[in-house]
Amino acid sequence: VIGVIRRLTPSLGSAPQGTHGRASTAYLASLAAEGGLMTLKKVLEGCYPQFLGVLSLLDSFDNSNMKQNTRDEEKLTAAMRGVAALVSSCRVALKIYERENVGVQVHPHPLSPYMPSTIQKIAFVLNEPRGEDDVGSLSLAAVGALESVLTSADLSELEDEEMILLEKTFSLMSPALLRTEEDDSKNLEEWKGACARVLGAAIALGLCQNKDSEEATFNNNNCERMETWANSLLPAILTAATSSPPTNSSKLNAIRYDWMVLAGACANGTSLVSEKIVSE
């Protein structure tokens, strides 16, 4: 395994968007998911820094006069999708480990060393100023990576800086999902669907947290912040979801992103989350 990692990982840092880079990403992510805990850690150690190295190219656009169209969007998108693949693979691997070891959980979480940088890179992309219709492949990759992080990683050790970035990102996503006007753009439909899945996962995470519960995975401060945010957004989502669609809608089956948020929260949360949402 170590030999394979050494042979394949250089392409992840130089050209993750190339055919060899994409094939290597897919192979190593599968290896991480199915190869056991030691293999998972080795793959993360070999691959994750490569992807973060590519995404560090974003730093040169911070507080500078360089324009987005000078970036290598394809390369950055491939690296962001690589991050999402590794994070999702980690979730699969840990579920297999817990199943085979009578529920024993791995501590510290294998993704913990990489989470601060990951949140910063994702938030940088998603919080960039853009037009309503200006959703590119990098933005779609970033929102997908954020969904993977929320459903797979342990965020208990995040610093205040990263929590602020997460809250800002959630706040920017929610207004677009609550508006009733229709969009014809397939790109926007994909974007809003991805945002709905992120908000659903975030609400589930917030409502699952209780500082007195054995299931709590956040430190008290982060737990309270996520719970406060989830409880502040949920009423608006519930109001939208239980309202009738516009009577002048041209679509018989209009996409309901508010329903997607609630469905995602139920899917990712505990039974108590589902009971709360369904009862209300």
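In this text, all values refer to a predicted model and were calculated from it rather than measured experimentally.

Peer 1: Account for the environment of Asn-231, with residues named and values stated.
Peer 2: The residue Asn-231 is located in helix α9 (residues 220–241) in this model. Given the relative accessible area of 34%, Asn-231 is considered partly exposed. Measuring from C-alpha to C-alpha, the distance between Asn-231 and Ile-203 comes to 7.9 Å, with 28 residues separating the pair along the chain. Residues contacting Asn-231, with those up to four places away along its chain left out, are Leu-207 and Lys-276.

Peer 1: Give me the packing of helix α2 (residues 19–34) against helix α4 (residues 73–100): which residues, what numbers.
Peer 2: For the pair α2 and α4, interaxial distance at closest approach is 7 Å and the crossing angle is 15 degrees. The angle between α2 and α4 places the two elements in the roughly parallel class. The interaxial crossing formed by α2 with α4 has right-handed handedness. Listed contacts from α4 to Arg-22, Thr-25, Ala-29, Ser-30, Ala-32, Ala-33 and Glu-34 of α2 are Glu-74, Gly-82, Ala-85, Ser-89, Val-92, Ala-93 and Ile-96. Each residue belonging to the contact of α2 with α4 can be placed in one class, and the counts come to 7 nonpolar, 4 polar and 3 charged.

Peer 1: Kindly report on the confidence of the model for the chain, identifying the contributing residues and their values.
Peer 2: Mean pLDDT over the chain works out to 87, with 86% of the residues at or above the 70 mark. Every residue in residues 211–217 is under pLDDT 50, and counting partners more than four places away or in other chains gives 9 contacts.

Peer 1: An account of the environment of Ala-85 is needed here, citing residue identities and associated values.
Peer 2: The topology assignment puts Ala-85 in helix α4. Taking the C-alpha atoms as reference, Ala-85 lies 9.7 Å from Gly-144; in sequence the two are 59 residues apart. Those residues in contact with Ala-85 that sit more than four places away from it in its chain are Thr-25 and Ala-29.

Peer 1: Before we move on, could you go through the packing of helix α7 (residues 160–178) against helix α8 (residues 186–208) and cite the residues and values that matter?
Peer 2: The contact between α7 and α8 brings their axes to 10 Å, and the two run at 120 degrees. Judged by the inter-axis angle, α7 sits oblique to α8. In this structure, α7 crosses over α8, and the sense of that crossing is left-handed. Across the interface between the two elements, Phe-170, Met-173, Ser-174, Ala-176 and Leu-177 from α7 touch Lys-192, Cys-195, Ala-196, Val-198, Leu-199 and Ala-202 from α8. Classifying every residue of the contact of α7 with α8 by side-chain character gives 9 nonpolar, 1 polar and 1 charged.

Peer 1: Which residues make up the pattern of salt bridges, and what values go with them?
Peer 2: All chains considered together, the criterion is met by 9 salt bridges. The salt bridge involving Asp-59 is made with Lys-121; its shortest N-O contact spans 2.8 Å. Residue Asp-59 is located in the loop between α3 (37–55) and α4, and its partner Lys-121 is located in helix α5 (residues 115–126); the two are separated by 62 residues in the primary sequence. Judged by its relative accessible area of 11%, Lys-121 is buried. Residues Asp-258 and Arg-256 are paired through a salt bridge, measuring 3.1 Å at the closest nitrogen-oxygen approach.

Peer 1: Outline α2, listing residues and values.
Peer 2: For α2, with 16 residues, the first-to-last C-alpha span of 23 Å sits near the 22 Å given by 1.5 Å per residue. Here α2 has its buried residues at Gly-21, Ser-24, Thr-25, Leu-28, Ala-29, Leu-31, Ala-32 and Ala-33. Buried residues along α2 sit against α1 (2–14), α3 and α4. At the exit of α2 stands Gly-36, carrying a positive phi of roughly 100 degrees.

Peer 1: Lay out the side chain of Ser-24 with the relevant residues and their values.
Peer 2: Among the structural elements, Ser-24 can be located in helix α2. Here Ser-24 falls in the buried class, since its relative accessible area comes to 3%. Filtering out sequence-adjacent residues up to four positions away, Ser-24 remains in contact with Leu-8, Ser-11 and Leu-12.

Here is what the cut-offs are and how they apply
For every chain, the first residue of its written sequence is number 1, and the numbers climb from 1 along that sequence. With pLDDT at 70 or above as the cut-off, local features in this predicted model cover only qualifying residues; side-chain atom pairs require 80 or more to be listed or tallied, and sums for whole chains, interfaces and linings still use all residues. Just so you know, side-chain values use all the structure's heavy atoms and leave hydrogens and water out. Elements are defined by DSSP. Helices are runs of H or I of four residues or more, strands are runs of E of two residues or more, and each kind is numbered from the N terminus. Each residue's exposure class comes from its accessible area (1.4 Å probe, protein chains only) as a fraction of the maximum for that residue type: buried when under 20%, exposed when over 50%, partly exposed otherwise. The contact rule is simple, with two residues in contact once any of their heavy atoms fall within 4.5 Å. Comment: axis = line fitted to C-alpha atoms, over the contacting stretch for helices; angle = value between 0 and 180 degrees taken between N-to-C directions. Under this scheme an angle from 65 to 115 degrees is roughly perpendicular, one under 35 degrees roughly parallel, and one over 145 degrees roughly antiparallel; angles in between are oblique. With the far helix as reference, a near helix turned anticlockwise by less than a right angle produces a left-handed crossing, and one turned clockwise produces a right-handed crossing. Residue classes follow a fixed rule: Ala, Val, Leu, Ile, Met, Phe, Trp, Tyr, Cys and Pro count as nonpolar, while Asp, Glu, Lys and Arg count as charged, and any other residue, Gly among them, counts as polar. Think of pLDDT as the predictor's per-residue confidence, scored from 0 to 100. Think of a salt bridge as a Lys or Arg side-chain nitrogen and an Asp or Glu carboxyl oxygen that are within 4 Å of each other. To estimate how far a helix should extend, the number of its residues minus one is multiplied by 1.5 Å.

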